[in-house]
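# Chains, contacts and geometry: an overview
For reference, the chains in residue letters:
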Amino acid sequence: MSVVISGVGVWTPPFSISNTELVDAYNAWATQFNEHNAEQIAQGLCEPKALSSAEFIEKASGIKSRYTYCKEGTLDVNRMRPKIAARSDDQLSHQAEIALDAAKKALSAANKSAQEIDAVIVSCSYTQRAYPAIAIEVQHALGIKGFAFDMLVACSAATFGLHRAYEMIKAETARAVLVVNPELTSPQVNYTDRESHFIFGDVATATVVESKATAHAEHCYEILSTRAETQFSNNIRSNFGYTARVSDTNPFEEAALFHQNGKKVFKEVCPMAAQHLEAHIEQHNLSAHEVDRWWLHQANINMNNLIVKRLLGRDADASKAPIVLDRYANTASAGSLVAFALNHEDLSSGATGVICSFGAGYSIGSLVLRKY
């Protein structure tokens, strides 16, 4: 049975924050911190906060701006985090809300009704609660029968979710699967950390996976194969969790938020991702030059350039390996799907492409696709 991606949708938040806006807020906060702690800094008891610049951010990451679900509070020097209003149990959750927008767009692109979907997977880096599953909430809101579940695999969640959907169609346990990636990352960003405050943006993506025999969309991509691997690493962590209550630790301390050793991640993940991709396309007797498009994880422009150069032996232009992180920033697992959603309709029948994500874990997931 051939399995295809028949529809994809992207929800883009209504607000954006430029590097300049972000830096102005951070520098004001850092200056205030240094003034309030001048005595401790002078005594060597406290490290001063270094200032940043928009130029530094763009050079280090390729990011120029990022979208955000809620801009209020993020740039407030006395708050430095989004101000998202709590909702009651009877209201639609914030994460389900953004998931639904992307899901409806994906269903429309696939020419599918909710009644034709048998399973919903919400796969992302964070869910705003443990249970009931966000996926079941989305399933209920769309009127989908069958089953739904959440899965968390950090920045590889979207591709790992697509893997599970592919396997369900192959096993005939579902006719069509809706995979949604509501990446509400901003609540976990430490906007007072110069090294990471600029990295993430919010977005939601959704994908419909089904049998080729039932697909009636304008743009369909056959999934030729999937490949995944994981390797434990402490270099990217987010420790926020419910056990803070019993360990008597602050659930909102810096160590509980996103943090990483960026230099080690760059050094270790780039060769790992390149080797993974080389091995995957070799399964299909494809060379890197024969792949028409690379939809890669959108974390850092320098990482992508290095990986593509390792694969092709040269730099790749945007038509070969599209970049969206300049305006979306790192949207965790959704990045490669945003790149795919915005850069797939122009390919001709028979063209091949690879979707790949990589990140914390470490984890890497990829799919080799062929348009038909």
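Scroll up for the structure.
Analysis parameters
- For every chain, the first residue of the written sequence is number 1, and numbering continues from 1 along that sequence.
- In keeping with the model being predicted, local features are shown solely for residues with a pLDDT of at least 70 and side-chain atom pairs are shown and tallied solely at 80 or more, while totals for entire chains, interfaces and linings include all residues.
- Hydrogens are left out, water is left out, and the side-chain values use all remaining heavy atoms of the structure.
- A run of H or I in DSSP counts as a helix once it spans at least four residues, and a run of E counts as a strand once it spans at least two, with each numbered from the N terminus.
- It is over C-alpha atoms that the radius of gyration is taken, and the globule rule equals 2.2 Å times the number of residues to the power 0.38.
- Burial classes: relative accessible area under 20% of the type maximum marks a residue as buried, over 50% as exposed, and values in between as partly exposed (1.4 Å probe, protein chains only).
- A contact between two residues is defined here by any heavy atoms of the two lying within 4.5 Å.
- Residue burial considers only the protein chains on display, and all accessible areas are found by Shrake-Rupley using a 1.4 Å probe.
- Any pair of cysteine sulfurs within 2.5 Å is marked as a disulfide.
- Cavities and pockets were defined on a 1 Å grid built over protein atoms only: a cavity is a set of grid points that admits a 1.4 Å probe from which the probe cannot escape, a pocket is an open set flanked by protein on both sides within 12 Å along at least five of seven lines, and lining residues are those with an atom within 4 Å of any such point.
- Grid points are joined across faces, edges and corners, and a volume is the space filled by probe spheres set on the points.
- Expected helix span is taken as 1.5 Å per residue step, with the number of steps being one fewer than the number of residues.
- The arc in question is the one spanned by the directions pointing from the helix axis to the C-beta atoms.
- Polar contacts, as used here, are pairs of N or O atoms within 3.5 Å; protein pairs need one atom able to donate a hydrogen and one able to accept it. Residues neighboring in sequence count only if both atoms are side-chain atoms.
- In this scheme, strands are said to pair when DSSP sees at least two bridges between them.
- Simply put, an axis is a line fit to the C-alpha atoms, just over the touching stretch for a helix, and the angle between two N-to-C directions goes from 0 to 180 degrees.
- A pair of Phe, Tyr and Trp rings is counted when the ring centres sit within 6.5 Å of each other, with Trp represented by its six-membered ring. The angle between the planes then sorts it: under 30 degrees is stacked, over 60 is edge-to-face, the rest tilted.
- Think of it as a cone above the ring: NZ of Lys or CZ of Arg counts as a charge over the ring if it is within 6 Å of the ring centre and within 35 degrees of the ring normal.
- Any angle from 65 to 115 degrees is called roughly perpendicular, while one under 35 is roughly parallel, one over 145 is roughly antiparallel, and all others are oblique.
- Helix crossings fall into two classes, left-handed where the near helix is turned counterclockwise from the far one by less than a right angle and right-handed where it is turned clockwise.
- Following the grouping adopted for this structure description, the nonpolar residues are Ala, Val, Leu, Ile, Met, Phe, Trp, Tyr, Cys and Pro, the charged ones are Asp, Glu, Lys and Arg, and the polar ones are all others, Gly among them.

### Quick notes on the overall build of the protein
Helix and strand content of the protein: 11 helices and 13 strands. What you see for the protein is a C-alpha radius of gyration of 21 Å, in line with the 21 Å of a compact globule of 372 residues. Taking the principal axes of its C-alpha atoms as reference, the protein extends roughly 70 × 55 × 35 Å. Put simply, the protein has 372 residues, and 53% of those count as buried. Here the analysis covers contacts within the protein between residues at least 6 apart in sequence; of these, 77% occur between residues at least 24 apart. A total of about 16,400 Å² of accessible surface is found on the protein, and carbon and sulfur atoms cover 49% of it.

### Structural notes on the state of the cysteines
Covalent bonding between the sulfur atoms of two cysteines is what defines a disulfide. Under the definition given, this model contains zero disulfides. With no disulfide of its own, Cys70 lies 19 Å from the sulfur of Cys124, the closest cysteine sulfur. Residue classification places Cys70 among the buried residues on the basis of a relative accessible area of 12%. Summary of cysteine pairing: Cys124 is not part of a disulfide, and the nearest cysteine sulfur, belonging to Cys155, is at 11 Å. Judged by relative accessible area, Cys124 falls into the buried class, the value being 0%.

### Considerations on the layout of surface pockets
Of the voids in this model, the second largest pocket is the one considered here, and its volume is about 230 Å³. Lining the second largest pocket are 18 residues, and of these Val8, Ala109, His219, His344 and Glu345 sit closest to its centre. Looking at the lining of the second largest pocket, the elements with two or more residues in it are strand 1 (3-11), helix 4 (94-110) and helix 11 (335-342).

### Side note on helix 9 (residues 301-312)
Compared with an ideal rise of 1.5 Å per residue, which puts 12 residues at 16 Å, helix 9 spans 16 Å between its outermost C-alpha atoms and is within 8% of the ideal. Among all positions of helix 9, only Ile301, Met303, Asn304, Ile307, Val308, Leu311 and Leu312 are buried. Projection of helix 9 onto a plane perpendicular to its axis shows the buried side chains occupying an angular sector of 160°, all on one side. Of the residues flanking the start of helix 9, the one acting as N-cap is Asn300, its side-chain oxygen 2.7 Å from the backbone nitrogen of Asn302.

### Quick look at the sheet that holds strand 13 (residues 363-371)
Read across the open sheet, the nine strands follow the order 5-4-6-7-1-8-13-12-11; overall the sheet is mixed. What marks the edges here is a single partner per strand, and that holds for strand 5 (147-152) and strand 11 (293-296). On average, each strand axis in the sheet is tilted by 25° relative to the strand beside it, whichever way the strands run. The pairing of strand 12 (residues 352-359) with strand 13 spans eight bridges and is antiparallel. Paired with Thr352 across the two strands is Arg370, which belongs to strand 13.

### Details of the pairing of strand 7 (residues 203-211)
Across the nine residues that make up strand 7, a large majority, nine, are buried. Pairing between strand 6 (residues 176-183) and strand 7: eight bridges, direction antiparallel. If you follow Val179 over to strand 7, its bridge partner there is Thr207.

### A closer look at the packing of aromatic side chains
Enumeration over the complete set of coordinates arrives at 10 aromatic pairs. Pairing Tyr221 with Phe340 gives two aromatic rings, centres 5.3 Å apart and planes at 75°, and the pair type is edge-to-face. With Tyr221 in strand 8 (residues 221-230) and Phe340 in helix 11, this residue pair connects regions lying 119 residues apart in the sequence. Here the two residues Tyr221 and Phe340 agree in accessibility, since each one is buried. Here Arg194 stacks its cationic end above the ring of Phe56, 4.4 Å away from the centre of that ring.

### Some points on the side chain of Ser211
Tracing the backbone shows Ser211 in strand 7. Owing to a relative accessible area of 10%, Ser211 belongs among the buried residues under this scheme. Of the polar contacts made by the side chain of Ser211, one reaches the backbone nitrogen of Ala213; its length is 3.1 Å. Setting aside anything within four residues of it in sequence, one finds Ser211 in contact with Met1, Ser2, Val4, Ile169 and Arg175.

### Things to note about unusual backbone geometry
Backbone torsion omega between Tyr131 and Pro132 reads 0°, so that peptide bond is classified as cis. Tracing the backbone through its elements, the reader meets Pro132 in the loop between strand 4 (119-124) and helix 5 (134-142). Residues other than glycine seldom take positive phi values, yet Met80 does so here, at roughly 60°. Among the residues examined, Met80 registers a relative accessible area of 6% and is labelled buried. One non-glycine residue, Asn111, lies in positive phi territory at about 55°. With respect to the element layout, Asn111 can be found in the loop between helix 4 and strand 4.

### Quick notes on the packing of helix 4 against helix 5
One can describe the packing of helix 4 onto helix 5 by two numbers: an axis separation of 10 Å at closest approach and a directional angle of 55°. Taken together, helix 4 and helix 5 sit at an angle that is classed as oblique. By crossing handedness, the relation of helix 4 to helix 5 is classed as right-handed. For the pair helix 4 and helix 5, contact is made by Gln95, Ala96, Ala99, Leu100, Ala103, Lys104 and Leu107 and by Ile134, Glu137, Val138, Ala141 and Leu142, respectively. Partitioning the contact of helix 4 with helix 5 into residue classes produces nine nonpolar, one polar and two charged.

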